[in-house]
Structures are given as C-alpha cells and as structure tokens.
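# Breakdown of the fold
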Amino acid sequence: MAGQTLYDKLFDAHLVRTNDDGSSLIYIDRQVLHEVTSPQAFEGLRIAGRQPWRIDANIATPDHNVPTTERSGGVEQIVDPVSKIQVKTLDDNCDEFGILEFKMNDQRQGIVHVMAPEQGAILPGVTAVCGDSHTATLGALGALAHGVGTSEVEHVLATQCLITKKMKNMLVRVDGELGLGVTPKDVVLHVIGVIGTAGGTGYAIEFGGDVFRNMSMEGRMTVCNMAIEAGARVGLVSVDQITVDYVEGRSFAPQGAQWELAVEAWKDLVSDADAEFDETVVINGADIDPQVTWGTSPEMVVSVNDQVPNPANETDQVKIDGINRALEYMGLNADQKITDIKLDRVFIGSCTNSRIEDLRDAAKVVEGRKVADNIIQALVVPGSGLVKEQAEKEGLDKIFVEAGLEWREPGCSMCLAMNPDKLGNGEHCASTSNRNFEGRQGFGGRTHLVSPAMAAAAAVSGNFVDVRELIK
Amino acid sequence: MNKFTLHTGVAAPMDRANIDTDMIIPKQFLKSIKRSGFGKNLFDELRYLDEGQPDQECTGRPLNEDFVLNQSRYQGASVLFARENFGCGSSREHAPWALEDFGIRSVIAPSFAEIFYNNCFKNGLLPIVLSEEQVDQLFTEVQANEGYELTVNLEEQVVVTPSGERIAFEIDDFRKHCLLNGLDDIGLTLQHADDIRAYEAKRQAEAPWLFGAIK
Ligand code: SF4
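Keep in mind it's a predicted model, so treat the numbers as computed, not measured.

Each value, and the rule that gives it
Residues numbered from 1 in each chain as written. Chains lettered and ligands numbered in written order. Predicted model: local features only at pLDDT ≥ 70, side-chain atom pairs only at ≥ 80, totals over all residues. Heavy atoms only, no water. Helix = DSSP H or I, 4+ residues; strand = E, 2+ residues; numbered from the N terminus. Buried < 20%, exposed > 50% of the residue type's maximum accessible area, 1.4 Å probe, protein only. Contact = heavy atoms within 4.5 Å. Areas by Shrake-Rupley, 256 points an atom, 1.4 Å probe, with all protein chains shown as cover. Lys, Arg positive; Asp, Glu negative; His and termini not counted. Charge placed at Lys NZ, Arg CZ, Asp CG, Glu CD. 1 Å grid on protein atoms, 1.4 Å probe; cavity = no way out; pocket = protein on both sides within 12 Å on 5 of 7 lines; lining within 4 Å. Points joined across faces, edges and corners; volume = space filled by probe spheres on them. Nonpolar A, V, L, I, M, F, W, Y, C, P; charged D, E, K, R; others polar. Expected span 1.5 Å × (residues − 1). Salt bridge = Lys/Arg side-chain N within 4 Å of Asp/Glu carboxyl O. Core = buried A, V, L, I, M, F, W, Y, C linked by side-chain atoms within 4.5 Å. Pairing = 2+ DSSP bridges. Axes fitted to C-alpha atoms, helices over the stretch in contact; angles between N-to-C directions. Parallel < 35°, antiparallel > 145°, perpendicular 65-115°, else oblique. Left-handed = near helix turned anticlockwise from the far one by under 90°.

Let us now look at the overall build of chain B. Secondary structure summary: chain B contains eight helices and seven strands in total. Taking the principal axes of its C-alpha atoms as reference, chain B extends roughly 70 × 40 × 25 Å. Here chain B holds 215 residues, and 53% of them are scored as buried. Excluding contacts between residues fewer than 6 apart, the proportion of contacts in chain B whose partners are at least 24 apart in sequence is 64%. Working note: accessible area of chain B is about 9900 Å², and carbon and sulfur atoms make up 46% of it. Averaging the positions of the 21 positive and the 34 negative side-chain charges in chain B gives two centres separated by 8 Å.

Structure representation (structure tokens):
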C-alpha cells in the first residue's frame, strides 16, 4: 500500500465516524472566533439552549472591524455603529460562555490568523477552524485548518466536530533556491499564477520542496494563507525542526515532560516518501521574480519586469473578456509596463504579511528613504499587539514614520475595508494583502498584490520598481 | 431546533402569489448580529405605513390596518396560507428566522421557492404543499369563519380543518424524521455524542497538551 500524505494522516487521526451519506465527522481541536461570523452562531446556541461542547478549545479576538488609529477609548470609540455592535457582541458572548478572548486593547489582540499561532493556540497535528477563509494560514504548522461558515461555527461550538468530505491531495513542489529579494509572497503569487484561482478546488495543497524546507514559519504562513486564493480550503507544510523551534515556549504550547511527548508525536507529521498525490505541480524556485498582480483576481499576476497582458495574444474568448473587464476596472492599458503603474496608496499589513519578518523586510527598503510625493497614504498595520511591540523594540516604527509611512494599531484594516481604512474610487494601491477583487479595499479601489519589500519599494518610488534595484 | 409534531393554531390567509424574501424581511434589517428578533419586521413594508429603520422600536409605528396579520381576527396566527411560489428571491435564512420569530409554525401553499423550502426545515418551520384546489378551499373557509383554527399533524401527514376534514400532504421521510425529533445538523451530530466522547477521551490520552491549555 502506498504511504500516506500529511493530509491523509491528519484527517484519519481526527475521524470520529463516517456518516451513512458518506460524509465524515471529524473532531476539531481548536476554534478561533472573531466578531463578524460568530454572533449568529452564539445566538443559535442560546436559542437551542445549548452550551459549547468544550470551552478550552476556543480562543477569540476582534480584528475585522477594529479601528487601527488611536483607540485608547476602547469599543465605545468605534464610530460605525454596526462595527461597534459586532465587537461588543463578541466581548459579551465570550464573557457569557467563558471563552478566552483578547479584547481590543489587549497586547495579544490581533488578526485571528496572526494571533493564534503566535500564542501557540494552534499546534502541529491539530485540526482547527475559524469563520474565515484564510484559516488555511494555520496549515503552515502542519495543522489541518479549514475556513467555515457561520452555521458550521455553531456546529463546532456545539459538537466539537465538523461534517466534511475528504479532499484530494495536491503537492506543489518548489525546488532549488529563491533569488535575492524574492519572498514567500512572490512564491505563492507565482504558484497561483501557474495553477489558477480554481486550480486547487477540491484539494488540500501541500507545499513541499527545498524552498519550503528552507523557509521560515512566517513565510510558510504567508504561503498557506493564500492557498484559498488558488481554490484550496487547506494549505499544508510538513513539520520539521523549523516548526518545532517556532512553537517552543509559546503561551499555550506544551511545557516540560509534555513538550518532549509532543515533539515525539509531531515527528510523524510529514507525508510519507511513497505517498501518492492526485496532482503534483513542480516549479523551479530560481525562476521566480518579484510578482505584481495587475488585475482583479490573484491569478492575474506577472513579474515586476513584465507588462500588462494584451487580450489580442489570447485565443480563448472567456479569457479575453476577463482580461478586458479587468483592464477597464483597473484603468490599465494592454502592454503597459508594470513599472509604469502609478500608485496612490500603499498598504503593508493583513494576515498574509503583517508578521515581524514582513515588517523587517519593508523597513529595510524604506530606511533612509522618503515616501514619494504622489503617494497619498502609506499604512503599516502590524498583525497583532505583540508584533507591534516587537517592531517598536527593534525601532522599525521609527524607520517607517521617518520615511513618511503611518504606523498603526493591529487589525485587518485596509485588507477588506470594514473599518475606516479604505481606498478612494479609482485609486491604485500596492497592497500586501491577499485579495484584489473589485471593491475589496473600497468602492472602485484598484489593488495590486505584492510582497512587503515590493510594497515598500513602491512607497518610496511612487510606482512599481523591482525591489532588487533598491537592496543591491 | 424546535420539534414539530402536532400543532393547532389560528390560520391567516396571505392572498398573494410570489411573496419574496425581501417582502418577508426587507434588506435593511439584515445587518443585525442576531437570528432572533426579526419577527417585528416580518413583512415590514406591507405591515407598517412608514419606512422601517433597523433597530427601531416598532410598537408605536402606524399599522396598515388592511394587512391580514394586523386584523384582529387573525391575531396570534401561527399557520399561514399562501399562494404559489412563496419565499422566492434570495437564499437568506433571515426569512424563515423572521417567520419563526413572529410565531408562524407552518406555511401552506401550492408551491414554494426551493431554497426557502429547505431553509424552513433548518429552523423548525413546516412548509406544506397542497394542490391549488385544496389551498383555495382553505382560503375560502378561513375567510368565512372567524377564529378558524387548523391542526397540523406531521406524524400522520395530515392537516385537520375545524369540521374534522383531513387533508393529506407529502413530505420527505428524512425531513419528517428531523422535524419530529427537532434535529438540525447539530442535533444529528449530537446523536453521536458517545462517539465524540470516546474519540475525545482517546485524543486526550494521546495529546494531553491540547486539553486545558487555553484558559
Ligand atoms: S486580514 Fe484580511 S484576509 Fe486576513 S482575516 Fe482580516 S480581512 Fe480576512
């Protein structure tokens, strides 16, 4: 019999039972809650007179709606009434049911997918859900992590289980080494460009090969985060010493004798050498340049030194229409050079790129430089209070502020514009987030997805430049 | 989810085809963080004369006296008679939430929009399909007799009129089973609570560090 993939192992290890209709009931070790998708779930529990199955499996924090400007006034200071009520409701629900929550001005508050691994709430080998599609991020730890809807949030709260169907296995292997200035974000954007936004639909994607083996945990999180942008609900990286070193000493990680036991158990969290994948994609790391998305889907991505595609070069009518629609929305011309795209705003943040390494990368580029005159606003939004604290310890905040970027409080911010941070109509933004959909960052806003280093380079240049020219 | 076995209640006739989900619960009320509390805005645009705002107190609002549910003879109605294609429009679960919160337990019509029909079962609401003629007959009877009450017997799959007439209806076995036992997905999963507990005990033995750590 062929060996098992990491996904197979995680799935089998959590199987409670197979239902008559072929679906599986899997046990969920961890649920992360935030203010947008949990209120009706808690309400559902209350109406049905149910209690959460297991309080200590849950952890919560508000992120989508929190203001990232001065907010010492707490929840009461949130201007938008709907945002305020969502944050308040999360606070009340967690208090009522006794769920641990890092509230708005707690140092440990942050974007769910940044906060949870940072705290050691997510560990190798666990199953985890959160009412947010970017839960795939957590697969970087060798955990099986799903994004779920509100009714499933309630289901997991009430039963500690998820009804699911087993996915297929895909291996994305990136061999060799990355060039200077090429980051995990460029790798995942390139991968999405290769397999397409629906390429991973129905699969759990495991990222393997030397590039991922040598990548930091934070980089692996950036990559897994965007698995969903390739259509896959699950992204995974096998566990190795880098994983173990990352987890050690975190608040909710095992200690002492239990630590030894856990590390021993985690050794098996790798795909077997003879495991069979339903699909394998192989990419050479050396072929990857810094990437920039030009269109309204993450697969509309090219190297910074390329040009915007020309629909005349395509034969497929659906593709031609897609390119034309995107060009119009983005206000770009066919064959326009990527480096000729003028920018209005820069956003460094989101669950994709708001961890300390991301901020270090960006700071390195802007240090000693100034934000270009045509940039109306350049935001740096750390992913959690602890990331912010660390960055300030290292003096990164001063580098940003001196260069003319704004240093903010942690939250989702301009990633989805549910709080006051938004793009104006028609504005171009170099953004380290994960979605460039129409209107995602504000009505009529034009998002270009890039790495933190590339966003920083764009901020000081006013247009896209190959960051390698600035860090030579 | 509420069980549905046997229900007797005042019936009210909504004499209008294609009642859509926007009529059932207008979009300005969807921002709520709750799934209860929509009842006061059920049929808001038909029911009140002013334009409803979210979070508004509804008791003092001017009522449309012509609207069926505002008429004194239909107060406390829990069975709704409707015309074809009831619940068309969006997939929002707010529509059955609003009906249920208002106190409606069953809707009887010649046809329903499919998604709405499905959503009803997730929320303890019983949609019953009868023929055009049977629905016509019910409309005539309820309009002619004040205080008309209908009994819905899910176990036997019949509705019983005040005169004792029994009208049979069809329902899928699985859905019937779920409603009779008050089972939603969660309820169904909880039928396997012993399996879950057994798994959990094994999990705790294998990975004790995952238990009691977050507090
Ligand atoms: S940062 Fe963006 S993608 Fe990530 S959880 Fe927040 S809104 Fe979602």
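Additional details are given in the paragraphs that follow.
A word on the layout of surface pockets. Within this model, the largest pocket holds a volume of roughly 1200 Å³. Along its surface, the largest pocket is lined by 40 residues, and B:Lys122, B:Leu183, B:Asp184, B:Asp185 and B:Ile186 are the ones closest to its centre. Contributing elements (two or more residues each) for the lining of the largest pocket: α2 (39–48), α5 (150–159) and β8 (161–164) of chain A together with α3 (94–102), α4 (114–122), α6 (173–180) and α7 (185–190) of chain B. Taken together, the residues of the lining of the largest pocket sort by class into 14 nonpolar, twelve polar and 14 charged. Here the second largest pocket is characterised by a volume of approximately 540 Å³. Lining the second largest pocket are 27 residues; nearest its centre among them are A:Gly181, A:Val182, A:Thr183, A:Pro184 and A:Asp361.

Residues and elements named next belong to chain B. With 13 residues, helix α5 (residues 132–144) should cover 18 Å at 1.5 Å per step; its first-to-last C-alpha distance of 18 Å lies within 8% of that length. Of the positions making up α5, those classed as buried are Val-135, Leu-138, Phe-139, Glu-141 and Val-142. Looking at the buried residues of α5, the elements they touch are β1 (6–14), β2 (79–82), β3 (106–109), β5 (149–153) and β7 (166–168).

This part covers helix α1 (residues 6–13) of chain A. Counting buried positions along α1(A) gives six out of eight residues, so the element sits mostly inside the fold. Considered for burial, the residues of α1(A) that qualify are A:Leu6, A:Tyr7, A:Asp8, A:Lys9, A:Leu10 and A:Phe11.

Moving on: the pattern of salt bridges. All names here are of chain A. In this structure the tally under the stated criterion is 34 salt bridges over all chains. In this structure, Lys-84 and Glu-76 form a salt bridge, with 3.8 Å as the shortest nitrogen-oxygen distance. Across the pair Glu-427 and Arg-345 runs a salt bridge whose closest N-O atoms are separated by 2.4 Å. On the criterion of sequence distance, the pair formed by Glu-427 in the loop between β17 (406–407) and β18 (428–431) and Arg-345 in strand β15 (residues 345–348) is long-range, its members being 82 residues apart. Arg-345 shares its class with Glu-427; the two are buried. Through salt bridges with shared partners, one network takes in Lys-9, Asp-268 and Asp-272.

Turning next to the nonpolar core. Counting residues in hydrophobic clusters, the biggest one holds 101 residues, and the most contacted among them are A:Ile59, A:Ile122, A:Phe207 and A:Trp266. Broken down by element, the residue count for this core peaks at six residues, all from helix α6 (residues 184–195) of chain A. Residues contacting A:Phe207, with those up to four places away along its chain left out, are A:Val172, A:Phe212, A:Val223, A:Cys224, A:Ala227, A:Gly235, A:Leu236 and A:Val237. Counting 58 residues, the second-largest nonpolar core is a separate cluster that includes B:Phe4, B:Ala109, B:Val152 and B:Leu179.

Residue and element names in this part refer to chain B. Pairing within the open sheet is mixed, and its seven strands lie in the order β4-β3-β2-β1-β5-β6-β7. Of all the strands in the sheet, just β4 (126–129) and β7 have a single pairing partner and so form its edges. Taken pair by pair, the neighbouring strands of this sheet meet at an average axis angle of 30 degrees, ignoring direction.

With that settled, the discussion passes to the packing of α6(A) against helix α8 (residues 217–225) of chain A. Residues and elements named next belong to chain A. Contact pair α6 / α8: the axes reach a minimum separation of 8 Å and the direction vectors enclose 25 degrees. Classified by the angle their axes make, α6 and α8 are roughly parallel. Handedness of the α6/α8 crossing: right-handed. Only Gly-219, Thr-222 and Val-223 of α8 make contact with α6, whose side of the interface consists of Pro-184, Lys-185 and Val-188. Of the residues belonging to the contact of α6 with α8, the class tally is three nonpolar, two polar and one charged.

Residues and elements named next belong to chain A. Structurally, Phe-347 is set in strand β15. Judged by its relative accessible area of 0%, Phe-347 is buried. Sequence separation of Phe-347 and Ala-48 is 299 residues, and the distance between their C-alpha atoms is 43 Å.

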